[in-house]
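Results of the structural survey
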4 protein chains.
Amino acid sequence: METKRPTIPAAEEILGGYFPVLDHGFVSLVDYMGSDEDVERAARVSYGFGTRKVSQTRGLVRYLRRHRHTTPSEMVELKFHCAMPMFVARQWIRHRTASVNELSARYSLMPLLFYTPPQDQFALQSRSNNQGREGGAPPEVYREAVERWERLRKDAGGAYAWLLREDVARELARIDLPVSTYTQWYWKIDLHNLLHFLSLRVDPRAQWEIQQYARVIAGMVKRVAPLSFEAWVDYDLESRPLTRAEREVLSRLVTADADGVRARDGAAVGADGLAAAGLSKREIEELAEKLRAPDHQDFELDLSAMKSAEEIAKKMYEAVPGSFE
Amino acid sequence: METKRPTIPAAEEILGGYFPVLDHGFVSLVDYMGSDEDVERAARVSYGFGTRKVSQTRGLVRYLRRHRHTTPSEMVELKFHCAMPMFVARQWIRHRTASVNELSARYSLMPLLFYTPPQDQFALQSRSNNQGREGGAPPEVYREAVERWERLRKDAGGAYAWLLREDVARELARIDLPVSTYTQWYWKIDLHNLLHFLSLRVDPRAQWEIQQYARVIAGMVKRVAPLSFEAWVDYDLESRPLTRAEREVLSRLVTADADGVRARDGAAVGADGLAAAGLSKREIEELAEKLRAPDHQDFELDLSAMKSAEEIAKKMYEAVPGSFE
Amino acid sequence: METKRPTIPAAEEILGGYFPVLDHGFVSLVDYMGSDEDVERAARVSYGFGTRKVSQTRGLVRYLRRHRHTTPSEMVELKFHCAMPMFVARQWIRHRTASVNELSARYSLMPLLFYTPPQDQFALQSRSNNQGREGGAPPEVYREAVERWERLRKDAGGAYAWLLREDVARELARIDLPVSTYTQWYWKIDLHNLLHFLSLRVDPRAQWEIQQYARVIAGMVKRVAPLSFEAWVDYDLESRPLTRAEREVLSRLVTADADGVRARDGAAVGADGLAAAGLSKREIEELAEKLRAPDHQDFELDLSAMKSAEEIAKKMYEAVPGSFE
Amino acid sequence: METKRPTIPAAEEILGGYFPVLDHGFVSLVDYMGSDEDVERAARVSYGFGTRKVSQTRGLVRYLRRHRHTTPSEMVELKFHCAMPMFVARQWIRHRTASVNELSARYSLMPLLFYTPPQDQFALQSRSNNQGREGGAPPEVYREAVERWERLRKDAGGAYAWLLREDVARELARIDLPVSTYTQWYWKIDLHNLLHFLSLRVDPRAQWEIQQYARVIAGMVKRVAPLSFEAWVDYDLESRPLTRAEREVLSRLVTADADGVRARDGAAVGADGLAAAGLSKREIEELAEKLRAPDHQDFELDLSAMKSAEEIAKKMYEAVPGSFE
C-alpha cells in the first residue's frame with residue numbers, strides 16, 4: 001500500500017512476522033506510528049521559531065533522553081500481538097499506560113498450551129534476592145517436576161474439555177486451568193512507556209520468562225527507532241544512579257572538569273568509611289556493580305526464526321479442545 | 001486519634017473491618033480521604049467568587065453527576081484490602097486508573113485457598129450472551145465437577161508444597177497453581193473511577209463472582225459518600241442511554257415540555273418501523289428493557305458479617321503450606 | 001512510500017494538510033495508526049477460537065460501542081498538529097489521556113497572533129447556563145471591545161518585543177502576553193479517548209471556540225474510522241441518558257416488547273407528577289430535550305479550505321517579532 | 001475529630017494553613033491519606049506470609065526507592081489548595097497523573113492579581129541553557145519593565161471590568177487577561193507521582209517561579225512521609241545517573257568491592273579520551289557536576305509564614321472587580 005506516513009524499511013521487514021518466545025509463546029510487531037524523526041518533529045514544536053537549529057536528530061534524541069524530556073518519545077507508538085503464560089501476563093499487565101485486548105476465556109475456548117521451564121532455568125530460590133532464582137536444581141527434581149506438571153496439565157485440560165462438553169459456562173470451566181496456560185493479547189504502547197517497560201523487564205531481577213519477551217521486543221524497537229534505542233541503552237539500560245552518599249564518596253576519589261577526570265593518588269574509602277557515609281552493606285555491593293565497566297548487550301532479532309501468522313494460527317487452533325468448533 | 005481532616009462516622013464504623021466475599025475472599029475498607037462535602041469544595045473552586053450560592057451539597061453533587069462533571073469526584077479517595085480468586089483479579093486489574101500492591105508469589109508463600117462455585121451458581125453457557133452463564137447445570141455434573149476440582153487442587157497444592165520443600169524458586173513452584181487460587185492486594189482508587197468500576201462490575205453481564213465484590217464495595221461507598229452514591233444510582237446505575245434512533249422513535253410516541261410528558265394517543269411503532277429506524281433485533285430487545293421501570297437495588301452492608309483483621313490473618317496464615325515458616 | 005500497515009485512502013487524502021480554525025488557528029492530521037478493521041481485529045482476540053463469526057465489522061463495532069466495550073477503540077491512534085488561543089489550550093489540556101508537545105515560550109519566540117471573536121459570537125453572559133454565553137451584545141460594545149483588544153495586544157506585543165531586544169529571558173518576557181495569544185502543539189490520542197473528547201467538546205455547552213476545533217477533528221475521524229464514527233454519532237453524540245426517575249415515568253406512558261413500542265392511550269404525567277418522581281425543574285427541561293427527535297449534524301471537512309504546511313509555516317514565521325532570527 | 005485512620009501529628013500541625021509563594025500565590029495542604037507506614041503496609045502484602053521480617057520501615061522504604069519499586073508509594077495521597085500565575089499553572093498541569101479542579105473563568109469573576117518578578121530574579125536569557133535565565137538585567141530595564149507591566153495590567157483589568165459591566169459573557173471578557181494573572185486550584189496526587197513532580201520542579205532547570213512552589217510542597221511532604229522524603233533526597237534528588245560511557249571511564253579510575261573503593265594511582269582520562277568514549281562536550285561538563293559532592297538542601301517550612309484560610313480568602317475576594325457581587 002502507498003502512504004504519506006513516515007515509513008521505516010527495517011520495521012516493514014518484520015511487520016506481521018511472528019517471533020517465537022519460550023516453548024509456545026510469540027511476539028509480533030503488527031503496526032507502528034512514527035520513528036526517531038517524529039520524536040524530533042514533536043520536540044521542535046517546543047523549539048519552534050527563533051531557536052538555533054540542532055544539526056542532527058541523533059544529538060537531539062540523545063539530549064532529550066539524557067535530560068529526561070520524555071514526552072516527545074510518546075509520539076511514537078507500537079502495536080504487538082503476543083502470547084505468554086498467564087503468570088507472565090500478570091506481571092506484564094502491571095504496566096498501566098498501555099492498551100490491551102486479551103483473549104477472553106469467558107467467550108472463547110482456550111488453546112491447551114502450557115509453559116514448561118527448560119532444565120537450565122529450573123533453579124533454586126535465590127539466597128541474595130528474595131524474589132529470584134539462583135543456581136541449578138538437581139536433575140532428578142527437574143524430572144519429577146516435569147512428570148507432575150504433565151500429570152496436572154493432563155487432568156486440568158481433561159476437566160476443562162469435560163466441562164465444555166457438558167455445556168458448562170466457559171467462565172466456570174476455566175477456573176482450574178493453571179497459571180502456566182498460555183493466553184494472548186494485542187498490546188499497544190508508546191515508545192516512552194515501552195522503553196520504561198524494557199528497562200524493568202530486561203533487567204536480570206525480572207523473572208527470566210518475562211525477560212525473554214522483553215529481549216525480543218527490544219530487538220523490534222531497535223528497528224523502529226534506532227537512535228532512541230541507542231540513547232536508551234546508553235542513558236538508561238547501562239546507566240546506574242549514583243546516590244547522594246556515593247557521589248560524596250566518589251568526590252573524594254576523583255576530580256573532574258572540562259579537561260577530563262583524574263584519580264586522586266592514594267585516595268580510598270574502606271568499608272567503615274562507606275558505612276559512615278550512610279551506605280548499607282547491600283548498597284556497598286551495589287556500588288561495586290555500578291563501578292564495573294558495563295556489559296555489551298545484543299538485542300538483534302534472529303530473522304531466521306520469524307514465522308508467518310498462518311503457521312502460528314494453525315498451531316493455536318489445533319490446541320483448542322477438539323470437538324467444539 | 002485526633003485529626004483536622006474531614007471524618008465520616010459511618011465510614012469509621014467499618015474502617016478496618018473485613019467483609020467476607022465468596023468462600024474465602026474478603027473486602028476491607030482500610031482508609032479514605034474526603035466525602036461529599038469535598039466534592040462540593042473542589043467544584044466550588046470552579047465557581048469561586050462572584051457566583052450564586054448553590055444551597056445544598058446534594059443539589060450540586062447531583063448536577064455534577066448528571067452533567068458528567070466528574071473531576072470533582074476524583075477528590076475523594078478510598079483504599080481497600082481485598083482477597084479474590086486469580087481469575088477475578090485478572091478482570092479487576094483491567095481498571096487501570098488505580099493503585100495496586102498484590103501479594104507476590106515470587107517472594108511469598110501462597111495460602112492454598114481455592115474458589116469453589118456454589119451449586120446455585122454452577123450454570124450452563126448462555127445462549128443469549130456469548131460471554132455469560134444461564135440456567136442451572138445438572139446436579140450430577142456439579143458433583144463430578146467438585147470432585148475433579150478437589151483432586152486437581154490437592155495435586156496442584158501438593159506439587160507446590162513439594163517444590164518448596166526441594167527449595168525450588170518460588171516463582172517456578174507456583175506456575176501450576178490454578179486460576180481459582182486466592183490472591184490478595186491493596187487497592188486504592190478515587191471515587192470517580194470507583195463508581196465507573198462499580199457501574200461495570202455490579203452489572204449482570206459481569207461475571208457473577210466479581211459482582212459479589214462490587215456489591216460489597218458499593219455498600220462501603222454508600223457510607224463514605226452517600227450523596228454521590230445516590231446520584232450514581234439515579235444517573236448511572238439505573239440510567240439507560242436512549243440512542244439516536246430510539247429518541248427518534250420515542251419522539252413519535254411521547255411529547256414533553258415544562259408542563260409534563262404525555263403519550264400520543266394511538267401512536268405505535270412496530271418491529272418493521274423499528275427496523276426502518278435502524279434498530280437491530282438485539283437493539284429492540286434492549287429498548288424494551290430500557291423502558292421498564294427500574295429495579296430497586298439494595299447495597300446495605302451486613303455489619304453482622306464483619307470480621308477482625310486478626311481472624312482473617314489467622315485463616316490465611318494457616319492455609320500456607322505448613323513447614324516453611 | 002510503500003507499507004504493509006493498514007492504510008486508509010480517505011485519510012491519506014488529507015494527511016499533512018492544514019485546516020483553518022478561528023482567525024489564525026489550524027488543525028492538521030499528521031499521522032494515524034489503524035482503522036475500523038483494527039478495532040475488530042483487537043476485539044476478535046477477545047472472541048478468538050470457538051466463537052461464532054460476526055459477519056460484519058460494522059455490526060461488531062456498533063455492538064462494542066453500544067455496550068461500552070471501549071478498549072478495542074484504543075487500538076487506533078491519531079496524531080494532530082494544532083494551533084489555538086491559550087485559553088482554548090487550557091481547556092483542551094484537561095484531557096489527560098493524550099500526548100502533547102507544545103511550543104515552549106521559554107525556548108522559542110512566540111508568533112504575535114491573537115484571537116478576536118467574530119461579531120456574531122460576541123454575546124452576553126447566559127442566564128440559563130452559568131458558564132455560557134447567550135444572545136447578541138450591542139454592536140457598539142463590540143466595536144469598543146475590538147478597539148480595546150487591539151490596543152492591549154499592541155502594547156503587550158510591544159513590551160514582549162522590547163524585552164527580547166533587551167535580551168531579557170524569554171520565560172520572563174512572555175508573562176504579560178494575553179490568553180488570546182495563539183500557541184501550538186502536537187497532540188496524539190487514541191480513538192476511544194478522542195471520541196470522548198469530541199463528545200464533550202462538540203457539545204453546545206462547551207465554549208464556542210473549542211467547539212470549532214472539535215468539529216474539524218470530527219471530520220477527520222470520520223475519514224480514518226467511518227464505522228466507529230457512525231456508531232459514536234448514534235450511540236454517544238445523539239444519545240441521551242434516561243435517568244432512573246425518567247425511566248420510571250416513561251414506563252407509565254409507553255410499553256415495549258419484541259413486537260414494537262406503543263403509547264398508552266391517555267397516559268400523562270404532569271409537572272407535579274414529575275416532581276413527585278424526583279425530577280427537579282431543571283431536569284424536567286432536560287427531559288423535554290431528550291425526547292425531541294435528534295438533529296442531524298454534518299461533520300464533513302471542506303477540502304477546499306485545506307492549506308499546505310509551507311503556507312501555514314510562513315504565516316507563523318512572519319508573526320514572530322522581526323529582528324530576532 | 002476522632003478517626004481510626006493513620007494520623008500524623010506533624011502534618012496535622014500545618015493542615016489547612018496557607019503558605020505564601022511569590023507575591024500573591026499560596027500552597028495549603030488540605031488533606032492527606034497515609035504515611036511511611038502505609039507504604040510498608042502495602043509493600044508487605046507483596047512479602048506476605050513465609051518471608052523474613054524486615055525490621056524497620058526505614059530500611060524497607062529506602063530499599064523500595066533505591067530499586068524503583070514505586071507502586072507502594074502510590075498508597076499515600078496528598079491534597080493541596082494552590083494559587084499561581086497562569087504561566088506557572090500551564091507548566092504544572094503537564095503532570096497528568098493528578099486530579100485538578102481549577103477556578104473557572106467561564107463561571108467565576110477572576111481576582112485581578114498579577115505576578116511581578118522581584119528585581120533579583122529579573123534576568124537575561126541564558127547562554128548555556130536555551131530555556132533558562134542567567135545573570136542580572138540592568139536596573140533601568142527592570143524599572144521600565146515594571147512600568148510597562150503596571151500599565152498593561154491596569155488596561156487589561158480595566159477592559160475586563162468594563163466587559164463584565166456590559167454583561168458580556170465571562171468566557172469572552174477574560175480573553176485578554178495576561179498569563180501573569182493568578183489562578184487557583186485544588187490538586188490531589190499520590191506520593192510517587194508527587195515526588196516525581198518535585199524531582200523535575202525543584203531542579204534548577206525548571207523556571208524559578210515554579211521551583212518556589214515545589215520547595216514549599218517538599219517541606220509539606222517532609223512532614224507527611226519523612227522517611228520517604230529522606231529516601232527521595234538520597235536516591236533521587238541528590239542522585240545522578242552515571243551513563244554507560246561514564247561507567248566505562250570511571251571503571252578505569254576506581255576499583256570497588258565489598259571492602260571499599262580505591263582510586264587507581266595515576267589513572268586519568270583527558271578530554272580526548274572522554275570524547276573517544278563517546279561523551280560530547282556538554283556531557284563532559286555534566287560529568288564534572290555529577291562528581292562534585294552534593295549540596296545540602298533544606299526544605300523546612302517556615303511556620304511563622306503560615307496564614308489562615310480566612311485571611312487568604314479575604315485578599316482574593318477584595319481583588320475581584322468590585323461592583324459585581
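Residues numbered from 1 in each chain as written. Chains lettered and ligands numbered in written order. Predicted model: local features only at pLDDT ≥ 70, side-chain atom pairs only at ≥ 80, totals over all residues. Heavy atoms only, no water.

1. Describing the overall build of chain A
Along the backbone of chain A there are 13 helices and 11 strands. Reported as C-alpha extents along the three principal axes, the dimensions of chain A are approximately 75 × 60 × 35 Å. Pairs at least 24 apart in sequence give 74% of the contacts found in chain A among residues at least 6 apart. Put simply, chain A shows about 12,200 Å² of open surface, and 49% of that area lies on carbon and sulfur atoms. A distance of 4 Å separates the average location of the 45 positive side-chain charges in chain A from that of its 48 negative side-chain charges. (Helix = DSSP H or I, 4+ residues; strand = E, 2+ residues; numbered from the N terminus. Contact = heavy atoms within 4.5 Å. Areas by Shrake-Rupley, 256 points an atom, 1.4 Å probe, with all protein chains shown as cover. Lys, Arg positive; Asp, Glu negative; His and termini not counted. Charge placed at Lys NZ, Arg CZ, Asp CG, Glu CD.)

2. Quick word on the relation of the copies chain B and chain D
If you rotate chain B by 180 degrees and push it 0.0 Å along the axis, it lands on chain D with an RMSD of 0.0 Å. In short, the pair behaves as if placed about a two-fold rotation axis. Across chain B, the rotation axis passes nearest the C-alpha of B:Glu2, at a separation of 2.4 Å. (Least-squares fit on C-alpha atoms with pLDDT ≥ 70 in both.)

3. Concerning the relation of the copies chain A and chain B
Mapping chain A onto chain B calls for a screw motion: a turn of 180 degrees about the axis and a shift of 0.0 Å along it, with 0.0 Å RMSD after fitting. The overlap is high: 100% of the interface residues of chain A also sit at the interface in chain B, so the same surface is used on both sides.

4. Comments concerning the sheet that holds strand β7 (residues 182–190) of chain D
To summarise the sheet geometry, strands pair through backbone hydrogen bonds and adopt either a parallel or an antiparallel arrangement. Residue and element names in this part refer to chain D. Ordered in space as β1-β2-β3-β7-β4, the five strands form an open sheet in which the pairing is antiparallel. The sheet is open, and its two edges are formed by β1 (18–21) and β4 (99–102), each paired on a single side. Strand-to-strand, the axes of this sheet are offset by a mean angle of 20 degrees, without reference to chain direction. Bridge count for β4 against β7 is four bridges, and the pairing is antiparallel. Paired with Ser99 across the bridge in β7 is Lys188. Sheet strands touched by helix α7 (residues 191–201): β3 (77–85) and β7. Its angle to β7, the strand with the most contacts, is close to 130 degrees. (Pairing = 2+ DSSP bridges. Axes fitted to C-alpha atoms, helices over the stretch in contact; angles between N-to-C directions.)

5. Here's the deal with the pattern of salt bridges
Residue and element names in this part refer to chain D. According to the stated counting rule, one finds 120 salt bridges over all chains in the structure shown. The shortest N-O distance in the salt bridge between Glu230 and Arg58 comes to 3.0 Å. Placement of the pair is Glu230 in helix α9 (residues 226–237) and Arg58 in helix α3 (residues 57–66), with a sequence separation of 172 residues. Looking at Glu230, the relative accessible area reads 28%, which means it is partly exposed. For Arg58, a relative accessible area of 36% corresponds to the partly exposed category. (Salt bridge = Lys/Arg side-chain N within 4 Å of Asp/Glu carboxyl O. Buried < 20%, exposed > 50% of the residue type's maximum accessible area, 1.4 Å probe, protein only.)

6. Side note on the interface of chain B and chain D
Across the contact, 57 residues belong to chain B and 56 residues belong to chain D. Both sides of the chain B and chain D interface together cover about 5,100 Å² of buried area, and 53% of this is carbon and sulfur. Where chain B packs against chain D, one counts four salt bridges. Across the pair D:Glu77 and B:Lys188 runs a salt bridge, and its minimum N-O distance is 2.5 Å. The tally of links between chain B and chain D comes to 24 residue pairs in polar contact (both at pLDDT 80 or more). Taken together, the elements giving at least two residues each to the side of chain B that touches chain D come down to β2 (25–33), α2 (36–47), β3 (77–85), β4 (99–102), β7 (182–190) and α13 (309–318) of chain B. Residues belonging to the side of chain B that touches chain D are distributed by class as follows: 27 nonpolar, 15 polar and 15 charged. (Buried area = accessible area lost by both parts, 1.4 Å probe. Polar contact = N/O pair within 3.5 Å; in protein donor to acceptor, adjacent residues only side chain to side chain. Nonpolar A, V, L, I, M, F, W, Y, C, P; charged D, E, K, R; others polar.)

7. Some details on the pairing of strand β7 (residues 182–190) of chain C
Walk down a regular strand and you will see the side chains alternate between the two sheet faces. Residue and element names in this part refer to chain C. Most of β7 sits out of view: nine of its nine residues are buried. Side chains Tyr182, Gln184, Tyr186, Lys188 and Asp190 project from β7 onto one buried face, and the interleaved Thr183, Trp185, Trp187 and Ile189 project onto a second face that is buried too. In this structure, strand β3 (residues 77–85) lies alongside β7, joined through nine bridges in antiparallel fashion. Counted as the bridge partner of Ala83 is Gln184 from β7.

8. Overview of the interface of chain A and chain B
One widely used convention gives an interface's size as the accessible area the parts lose upon coming together. Each partner contributes residues to the interface: chain A has 58 residues there, and chain B has 58 residues. Each partner contributes to the roughly 5,400 Å² buried at the junction of chain A and chain B, and carbon and sulfur atoms together form 54% of this total. One can count eight salt bridges joining chain A with chain B. In this structure, A:Asp167 and B:Arg127 form a salt bridge, with 2.7 Å as the shortest nitrogen-oxygen distance. Put simply, chain A and chain B have 30 residue pairs in polar contact (both at pLDDT 80 or more) between them. With 13 residues, helix α5 (residues 139–165) of chain A is the single largest residue contributor to the side of chain A that touches chain B. Here the residues of the side of chain A that touches chain B are counted per class, giving 28 nonpolar, 11 polar and 19 charged.

9. Topic: unusual backbone geometry
With a phi close to 55 degrees, A:Leu22 is a non-glycine residue in the positive phi region. By the secondary structure assignment, A:Leu22 is in the loop between β1 (18–21) and β2 (25–33). Positive phi, close to 55 degrees, is recorded for B:Arg68, a residue that is not glycine. Mapped onto the fold, B:Arg68 is located in the loop between α3 (57–66) and β3. Note on B:Arg68: relative accessible area 54%, which makes it exposed.

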